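# Analysis of the macromolecular model
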Amino acid sequence: MFQQLLQRIEEQLLQEKPLVVYRKPSQKMVKGIFQSDSKIHYCIDFKETGFVFAPFNEKGEVILIPIDELVQSQFEPSEHSISLNNKSQIDYPSTDIDEKNFHIQLVAKAIDEIKKGRFKKVVLSRLMSATFQGAPLQLFLKLLNTYTEAFCYMWYHPKVGLWLGATPEVLVNIQNKQIQTMSLAGTQPYTGDPDPDWKKKEREEQSMVTNYITNALKSLVTNLYISETESLRAGSLMHLRTKITGRLKVLDIKKLVKLLHPTPAVGGLPKSEAYDFITANENYNREFYTGYLGELNFKEEIERASSNRNIENKAYRSIHTKTDLFVNLRCMQIVGHNATIYVGGGITTDSIPEQEWGETVNKSATMLKVIQNR
Ligand SMILES: C=C(O[C@H]1C=CC=C(C(=O)O)[C@@H]1O)C(=O)O
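Bear in mind that the values here come from a model prediction, so they are computed numbers and not experimental data.

Next up on the list: the overall build of the protein chain. Along the protein chain, the regular secondary structure elements total 7 helices and 18 strands. Principal-axis analysis of the C-alpha atoms gives the protein chain an extent of 70 × 50 × 40 Å. Counting all 374 residues of the protein chain, 56% fall into the buried class. Pairs at least 24 residues apart make up 74% of the contacts formed inside the protein chain by residues separated by at least 6 positions. With an accessible surface of roughly 17100 Å², the protein chain has 48% of that area assigned to carbon and sulfur atoms. Across the protein chain, the 46 positively charged side chains and the 43 negatively charged ones have centroids separated by 4 Å.

Right, let's talk about the packing of helix α1 (residues 2-14) against helix α3 (residues 136-146) for a bit. Where α1 meets α3, the closest approach of the two axes is 11 Å, and the angle between their N-to-C directions is 140 degrees. By the angle between their directions, the pair α1 and α3 is classed as oblique. The crossing of α1 and α3 is right-handed. Contact with α1, carried on its side by Phe2, Leu6, Ile9 and Glu10, involves Leu137, Leu141 and Leu144 of α3 and no other residues of that element. Classifying every residue of the contact of α1 with α3 gives 6 nonpolar, no polar and 1 charged.

Here we come to the environment of Thr95. Secondary-structure assignment places Thr95 in the loop between β6 (69-74) and α2 (97-116). When sequence neighbours within four positions are dropped, the list of residues in contact with Thr95 reads Arg126 and Trp357.

Running from N to C, α3 and helix α7 (residues 353-371) cross one another at 120 degrees; their axes reach a closest spacing of 9 Å. Taken together, the axis directions place α3 and α7 in an arrangement best described as oblique. Judged by the sense of rotation from one axis to the other, the crossing of α3 with α7 is right-handed. Contacts between α3 and α7 involve Leu139, Lys142, Leu143 and Thr146 on the former and, on the latter, Met367, Val370 and Ile371. Each residue belonging to the contact of α3 with α7 can be placed in one class, and the counts come to 5 nonpolar, 1 polar and 1 charged.

Now for the site of the ligand. As a matter of local geometry, the ligand sits amid 18 residues, with Thr187, Ala265, Tyr289, Arg330 and Gly346 nearest to it. For the ligand, an oxygen atom lies 2.6 Å from a polar atom in the side chain of Arg330. When the ligand is considered free in solution it has 390 Å² of accessible area, and contact with the protein chains removes 100% of it. Placement of the ligand is best described as lying within the largest cavity. Contributing elements (two or more residues each) for the shell around the ligand: β11 (178-189), β18 (338-347) and α7. A breakdown of the residues in the shell around the ligand according to their chemical character gives 7 nonpolar, 6 polar and 5 charged.

We now examine empty space enclosed by the protein. Following the criterion strictly, the structure yields 2 cavities of 30 Å³ or more and no others. Within this model, the largest cavity holds a volume of roughly 200 Å³. Around the largest cavity, the lining comprises 22 residues; the ones closest to its centre are Ala265, Leu329, Arg330, Gly344 and Lys363. Secondary-structure elements contributing two or more residues to the lining of the largest cavity are β7 (121-131), β11, β18 and α7. Top contributing element to the lining of the largest cavity by residue count: β18, with 5 residues. Split into classes, the residues belonging to the lining of the largest cavity amount to 9 nonpolar, 7 polar and 6 charged. A volume near 40 Å³ is recorded for the second largest cavity. As for the second largest cavity, its lining consists of Ile174, Asn176, Leu251, Ile253, Asn297, Thr321, Lys322 and Thr323. Among the elements that line the lining of the second largest cavity, the one with the most residues is strand β16 (residues 315-327), at 3 residues. Broken down by class, the residue content of the lining of the second largest cavity amounts to 3 nonpolar, 4 polar and 1 charged.

A separate point is the pattern of salt bridges. Where charged atoms from two side chains of opposite charge approach closely, those side chains can pair. Overall, the coordinates contain 21 salt bridges when judged by the stated rule. Salt-bridge contacts for Glu113 lead to Lys116; the nearest nitrogen and oxygen are separated by 3.7 Å. Taken together, the residues Glu113 and Lys116, both in helix α2 and 3 residues apart, mark about one turn of the helix. Judged by relative accessible area, Glu113 falls into the buried class, the value being 13%. Exposure remark for Lys116: the relative accessible area of 64% places this residue in the exposed category. Of the charged contacts, one joins Lys201 and Glu356 as a salt bridge, the two residues approaching to 2.9 Å between their closest N and O atoms.

Per the UniProt record, "domain: Chorismate-utilising enzyme C-terminal" (unreviewed entry) is found at residues 103-305 and 318-363. Here residues 318-363 runs as 24% helix and 54% strand, with 42 Å between its end C-alpha atoms.

Right, let's talk about the packing of aromatic side chains for a bit. Summed over the entire model, instances satisfying the criterion amount to 16 aromatic pairs. Between Phe151 and Phe326, the aromatic rings sit 4.1 Å apart at their centres with planes inclined by 10 degrees, giving stacked as the arrangement. In this pair, Phe151 sits in strand β8 (residues 151-157) while Phe326 sits in strand β16, placing the two residues 175 residues apart along the sequence. There is no split in this pair, since Phe151 and Phe326 are both buried. Grouped by ring-pair contacts, the aromatic residues Tyr22, Phe51, Phe53, Phe151, Tyr153, Trp155, Trp163, Tyr284, Phe288, Tyr289, Phe326 and Tyr342 constitute a single cluster.

Here is what the cut-offs are and how they apply
Residues numbered from 1 in each chain as written. Predicted model: local features only at pLDDT ≥ 70, side-chain atom pairs only at ≥ 80, totals over all residues. Heavy atoms only, no water. Helix = DSSP H or I, 4+ residues; strand = E, 2+ residues; numbered from the N terminus. Buried < 20%, exposed > 50% of the residue type's maximum accessible area, 1.4 Å probe, protein only. Contact = heavy atoms within 4.5 Å. Areas by Shrake-Rupley, 256 points an atom, 1.4 Å probe, with all protein chains shown as cover. Lys, Arg positive; Asp, Glu negative; His and termini not counted. Charge placed at Lys NZ, Arg CZ, Asp CG, Glu CD. Axes fitted to C-alpha atoms, helices over the stretch in contact; angles between N-to-C directions. Parallel < 35°, antiparallel > 145°, perpendicular 65-115°, else oblique. Left-handed = near helix turned anticlockwise from the far one by under 90°. Nonpolar A, V, L, I, M, F, W, Y, C, P; charged D, E, K, R; others polar. Near = heavy atom within 4 Å. Polar contact = N/O pair within 3.5 Å; in protein donor to acceptor, adjacent residues only side chain to side chain. 1 Å grid on protein atoms, 1.4 Å probe; cavity = no way out; pocket = protein on both sides within 12 Å on 5 of 7 lines; lining within 4 Å. Sits in = over half its atoms within 2 Å of the grid points. Points joined across faces, edges and corners; volume = space filled by probe spheres on them. Salt bridge = Lys/Arg side-chain N within 4 Å of Asp/Glu carboxyl O. UniProt positions renumbered as here; feature names shortened; annotations may be inferred. Phe/Tyr/Trp six-rings, centres within 6.5 Å; stacked < 30°, edge-to-face > 60°.

This is how it looks when you write it as structure tokens:
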């Protein structure tokens, strides 16, 4: 069955038609969505059904792959998954000294602006290049094998390109009017401790995200609930996560997404000042990195146990509409045998530029491990 899904993916790639194949965190089901033509469809009012792929730029167009054909199959991660602990196994591509200096100076400039009061936090990123052997589909299978707790995907559109990723961050899950989101920030390497100590810088950086999201949601939801903050493992990294849930007063996905994206986990605070700094200073276009992606308005049939209402059938079915969106982190764009890997980190007044560089190097390991089959 899984073999059939792989064949269908290969066929679609050969025909140069749009597709997305993905697996949600902690699930075994891999879904492939195949578009029947090569047109580019856009999501306009968020009432459409399909798989969305949105850029970081809020004003950029959100691409939609309609569900012309859906093929799904269970995937059993193989026993030979890649080890996530051994940092030394990675062969980091050599970096140009100018590249490193540029990033360090960029971080220093941001710290200055924070001290001057222009903004409180900004997420700064860079890209790096690496070559790989084999086919992109092989990389996707390695992602599935390696990052079972992440949202793993391969997305392709002939007019846009091919992207792969394994992200730990949920933008928002919506089922009927119930929503679930998270504030995810703060990073340290995973060393085997599932609940390590966190420094003040990471705690503050993450609580800014929590505060932003809860304030943004206040006017839109009732029953707002904020969980305890916990450590979350994402491959060879650890993050801080707080879960936030609530019930929408009015189901308006467009408004909700506009409010959440980009969260200060990928943009900064205040949103527009940080955004302006990023676009004026980062020196490259993030495109779909730190955008969002996932299922929009999918219909899901839920079977419930027998109830008084429906004794003859022993069960009754109801149709739910679900939206599951993820932030596009730990991702790369593929052209031929070249991968462009995107990595970034949150900068606050307590950031140390050299360490922020190191954090982007650590984050690149998520994709490099897969590329290098380490
Ligand atoms: C921007 C990225 O990560 C975000 C998510 C988790 C932790 C982050 C941090 O510690 O800076 C970032 O906010 C990235 O991986 O490129």
